[in-house]
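Single-letter residue listing:
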Amino acid sequence: MTKLPVLVIARLAYAYVWENRRKFLALAFPAIVVLGITTGLFSGVLYLAFPGVVESPGSAPGESLENVLAIPLIMTILVAAAFLTMFAVAWHRHCLVAGERPSVRNTLRWGARQTRFLLTAIGLAVLVMISTTAVVVVWVVLSPSGASVSVLPAALMALVLSSYLYARFSVLFPATALDRTMGVRDAWAMTKGNGWRLLAIVLMAMIPASVAATIVQLILSGLAVAVGLEAALTANLLVALVDQTFTLTGTALGVTALSIAYRALETGARGGQVDLIA
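Given the structure is predicted, the values throughout are model-derived calculations rather than measurements.

What follows covers the overall build of the chain. Helix and strand counts for the chain stand at 11 helices and zero strands. If you list the helices and strands of the chain from N to C, you get α-α-α-α-α-α-α-α-α-α-α. Out of the 278 residues in the chain, the part that is buried amounts to 37%. Sequence separation of 24 or more characterises 77% of the internal contacts of the chain that already satisfy a separation of 6 or more. Surface summary for the chain: the accessible area is close to 14,800 Å², and the carbon and sulfur share equals 70%.

So, in structure tokens, the structure goes:
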């Protein structure tokens, strides 16, 4: 059984993205711009159209805030899902398919592969949610201390369990990007003995970018407030573009780490010599 080297894979993921930074920027740039503009306009227009809503929720004229924001919020989510899917598929293939260097044009093309990838993500999220909910419900019902006391440990259990299950099934993503048929049973079998290692690898790859994004976003937002530009579209667009740059960077790191782990597990299952990166 192959035991994934957590620190080695995390280090290789950072090294790979850095060495391929020009390709990363080329492939990620359209997503950064589109998602940055979409989210920036969403927050900026909200503040400009309903300045009182930010301070007093529910004060939007004529209808509730939820109704006003429903359509633009749904559109923002759909755009984000589409661009992140296209980028993730392209970067998985960049890592795993020897000799394939996807172009920006090919990356932005939606096809059956991208549809399967997105449906895999949705299906996995539903599966993890159902499994986690079932376990937590049983935990709360059987807890002798009562539901009110069991809420916190149940919530912690849900977080840990969902993260673990997601890690065990995460190899479905690179397999889908490579057009390979893999079911949940196959994914579970492939990741046997490496669930916590996979979780640690992905977290080590993505958390630093998330922390950096939060810090930079807080700094930029604070500066905008300090100079009275928190309602300006330009300020909102700048913050959104920076935030999306970190988001795509974290996505690339996570995808790279997962691709390396997938290659190692697949090669180890065949009894071959493990090659951690294409």
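Resuming the write-up.
Time to look at the confidence of the model for the chain. For the chain, the average pLDDT comes to 81, and 79% of its residues sit at 70 or higher. Highest mean pLDDT in the chain belongs to helix 8 (residues 172-177) (95); lowest belongs to helix 3 (residues 51-55) (48). Between residues 53-62, whose pLDDT stays under 50, and residues either more than four places distant or in other chains, the model counts nine contacts.

Located in the positive-phi region is Asp 179, a residue other than glycine, with phi close to 65°. Within the secondary structure, Asp 179 sits in the loop between helix 8 and helix 9 (184-190). You can call Asp 179 partly exposed: its relative accessible area is 38%.

Here we take up the pattern of salt bridges. For the coordinates displayed, the defined rule picks out four salt bridges. The shortest N-O distance in the salt bridge between Asp 179 and Arg 93 comes to 4.0 Å. In this pair, Asp 179 is assigned in the loop between helix 8 and helix 9 and Arg 93 in helix 4 (residues 65-96), connecting sequence segments 86 residues apart. Given a relative accessible area of 11%, Arg 93 falls into the buried group.

Attention now moves to the nonpolar core. If you look at the biggest cluster of nonpolar residues, it comprises 51 residues, and the most contacted ones within it are Leu 4, Phe 87, Trp 91, Met 182, Leu 248 and Tyr 262. Here this core gets 11 residues from one element, more than from any other, and that element is helix 11 (residues 233-269). In this structure, Tyr 262 is in contact with Leu 96, Val 171, Pro 174, Ala 175, Leu 178, Arg 180, Met 182 and Met 190, ignoring residues within four places of it in sequence.

A few words now on the side chain of Arg 93. Reaching out from Arg 93, the side chain makes a polar contact with the backbone oxygen of Ala 177 at a distance of 2.8 Å. Those residues in contact with Arg 93, other than ones at most four positions away along the chain, are Glu 100, Arg 113, Ala 177, Leu 178 and Asp 179.

What follows is about helix 6 (residues 112-142). In this model helix 6 runs 45 Å from its N-terminal to its C-terminal C-alpha over 31 residues, within 8% of the 45 Å that 1.5 Å per residue would give. By the burial criterion, the buried members of helix 6 are Gln 114, Phe 117, Thr 120, Leu 124, Val 128, Thr 132 and Val 136.

Overall, the coordinates contain nine aromatic pairs when judged by the stated rule. Ring centres 6.4 Å apart and planes at 85° place the aromatic pair Tyr 164 and Trp 188 in the edge-to-face group. Here the residue Tyr 164 occupies a position in helix 7 (residues 147-169), and Trp 188 occupies one in helix 9, the gap between them amounting to 24 residues. Ring plane angle 40° and centroid distance 4.6 Å describe the contact between Tyr 164 and Trp 196, whose orientation is recorded as tilted. Taken together, the residues Tyr 164 in helix 7 and Trp 196 in helix 10 (residues 195-226) connect sequence positions 32 residues apart. Each member of the aromatic cluster is reached from another via a ring pair, and the members are Tyr 16, Phe 24, Phe 87 and Trp 91.

Each value, and the rule that gives it
- Just so you know, the residues in each chain are numbered from 1, in the order the chain's sequence is written.
- Reporting of local features is limited, given that this is a predicted model, to residues whose pLDDT is at least 70; pairs of side-chain atoms are given and counted only at 80 or more, and all residues count toward the totals for whole chains, interfaces and linings.
- With hydrogens and water stripped out, all remaining heavy atoms of the structure feed into the side-chain values.
- Strands are runs of DSSP state E lasting at least two residues, helices are runs of H or I lasting at least four, and both sets are numbered from the N terminus onward.
- Whether a residue is buried, partly exposed or exposed follows from its accessible area with a 1.4 Å probe, protein chains only, as a fraction of its type maximum: under 20%, in between, or over 50%, in that order.
- What makes two residues a contact is simply this: any of their non-hydrogen atoms within 4.5 Å.
- Per-residue and other accessible areas follow the Shrake-Rupley method at a 1.4 Å probe size, with only the shown protein chains counted as cover for residues.
- Per-residue confidence from the predictor is given as pLDDT, running between 0 and 100.
- One speaks of a salt bridge when a side-chain nitrogen belonging to Lys or Arg is within 4 Å of a carboxyl oxygen belonging to Asp or Glu.
- For our purposes a nonpolar core is just a set of buried Ala, Val, Leu, Ile, Met, Phe, Trp, Tyr and Cys residues, chained together by side-chain atoms within 4.5 Å.
- Whenever two N or O atoms come within 3.5 Å, that pair is a polar contact, provided that in protein one can donate a hydrogen and the other can accept it, and provided that, for residues adjacent in sequence, both atoms are side-chain atoms.
- Multiplying 1.5 Å by the helix residue count minus one yields the expected span of that helix.
- Aromatic pairs are defined between Phe, Tyr and Trp rings, using the six-membered ring for Trp, whenever the two ring centres lie within 6.5 Å; interplanar angles under 30 degrees are classed as stacked, those over 60 as edge-to-face, and all others as tilted.

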